[in-house]
Amino acid sequence: VQLVESGGDLVQPGGSLRLSCAASGFTFSTYAMSWYRQAPGKERELVAIISSVGGSTDYADSVKGRFTISRDNAKSTVYLQMNSLKPEDTAVYYCKVRLVRLNYWGQGTQVTVSS
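Definitions and limits used
- Residues numbered from 1 in each chain as written.
- Predicted model: local features only at pLDDT ≥ 70, side-chain atom pairs only at ≥ 80, totals over all residues.
- Heavy atoms only, no water.
- Helix = DSSP H or I, 4+ residues; strand = E, 2+ residues; numbered from the N terminus.
- Buried < 20%, exposed > 50% of the residue type's maximum accessible area, 1.4 Å probe, protein only.
- Disulfide = S-S within 2.5 Å.
- Pairing = 2+ DSSP bridges.
- Axes fitted to C-alpha atoms, helices over the stretch in contact; angles between N-to-C directions.
- Salt bridge = Lys/Arg side-chain N within 4 Å of Asp/Glu carboxyl O.
- Phe/Tyr/Trp six-rings, centres within 6.5 Å; stacked < 30°, edge-to-face > 60°.
- Lys NZ or Arg CZ within 6 Å of the ring centre and 35° of its normal.

Asks: Quick one: what's the story with the overall build of the chain, residue by residue and with numbers?
Replies: Each helix and strand counted, the chain has zero helices and eleven strands in total. Overall, the chain shows an N-to-C arrangement of helices and strands of β-β-β-β-β-β-β-β-β-β-β. Based on the C-alpha atoms only, the size of the chain along its principal axes is roughly 40 × 25 × 25 Å. Within the chain, the fraction of its 115 residues that count as buried is 40%.

Asks: Describe the state of the cysteines, and please don't skip the residues or the numbers.
Replies: Applying the stated rule across the entire model yields one disulfide. Linked covalently through their sulfurs, C21 and C95 form a disulfide whose S-S length is 1.9 Å. Taking the torsion about the sulfur-sulfur bond, which here is approximately 50°, the covalent link between C21 and C95 counts as right-handed. One end of the pair, C21, is in strand β3 (residues 17-24); the other, C95, is in strand β9 (residues 91-99), with 74 residues separating them in the sequence. With respect to class, C21 is no different from C95; both count as buried.

Asks: Which residues make up the sheet that holds strand β1 (residues 2-6), and what are the values?
Replies: Pairing between sheet strands relies on hydrogen bonds along the backbone, with the strands arranged either parallel or antiparallel. With respect to topology, four strands assemble into an open sheet ordered β1-β3-β8-β7, the strand pairing being antiparallel. Edge positions in the sheet fall to β1 and β7 (67-72), since each of these pairs with one other strand and no more. The average angle at which neighbouring strand axes cross in this sheet is 15°, direction not considered. As defined by bridge partners, β1 adjoins β3 across five bridges and the pair is classed as antiparallel. The residue bridging V4 from the neighbouring strand is A22, located in β3.

Asks: Before we move on, could you go through the pattern of salt bridges and cite the residues and values that matter?
Replies: Under the counting rule described, the total for this entry stands at four salt bridges. Between K64 and D61 there is a salt bridge, with the nearest N and O atoms lying 3.2 Å from each other. With a relative accessible area of 65%, D61 lands in the exposed category. Where D89 meets R66, a salt bridge forms, and the shortest distance between an N and an O atom there is 2.7 Å.

Asks: Give me the pairing of strand β8 (residues 77-82): which residues, what numbers.
Replies: Counting buried positions along β8 yields five of six residues, so the element is predominantly enclosed. In this structure, the hairpin formed by β7 and β8 is closed by a connection of four residues, where S76 is found at a positive phi of approximately 50°.

Asks: Describe the packing of aromatic side chains, naming the residues involved and giving the relevant values.
Replies: This model, assessed by the stated rule, comprises four aromatic pairs. Measuring from ring centre to ring centre gives 5.9 Å for F26 and Y31, while their planes differ by 75°; the resulting arrangement is edge-to-face. Classification of F26 by relative accessible area gives buried; the value is 16%. Judged by its relative accessible area of 27%, Y31 is partly exposed. Of the aromatic side chains, those joined through ring pairs into one cluster are F26, F28 and Y31. Over the ring of W105 we find R44; its NZ or CZ atom is 4.5 Å from the centre of that ring. Here R71 stacks its cationic end above the ring of F28, 4.3 Å away from the centre of that ring.

Below, the structure written as C-alpha cells:
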C-alpha cells in the first residue's frame, strides 16, 4: 500500500489549494478515503472522509463550507479542495485508508497559511 500526497504550499489567508493523494497497492475503488491534518503541538485530526464511490462525504466542523473532498477512482486519487484558507489551517495534511483493521498513511504535505 502506498499513499503519496502532493499540493501543499505557502498560501495567503483567503487563498485556495488543492491537495492530491495518489494511491496504489490496493483496490482503491472499494475503500473509503480520508484526509487528516496535524498542526505543531496538536493531535492529528480528521478533516474529511469520502465513501468508496464518492456518494457520501463528511467534514470536521472547522472546515465545513470551505473544504471539499472528492475522488477519481479511475486515477486512484483522492483530492482535498481547500478554499478561504485561514492561518489555523496550517498543518501537515495526510491521507489515510483503513484496510482490514490497519490504517495506512501517506508521508504528508505541508500547508502553511500566512501573510
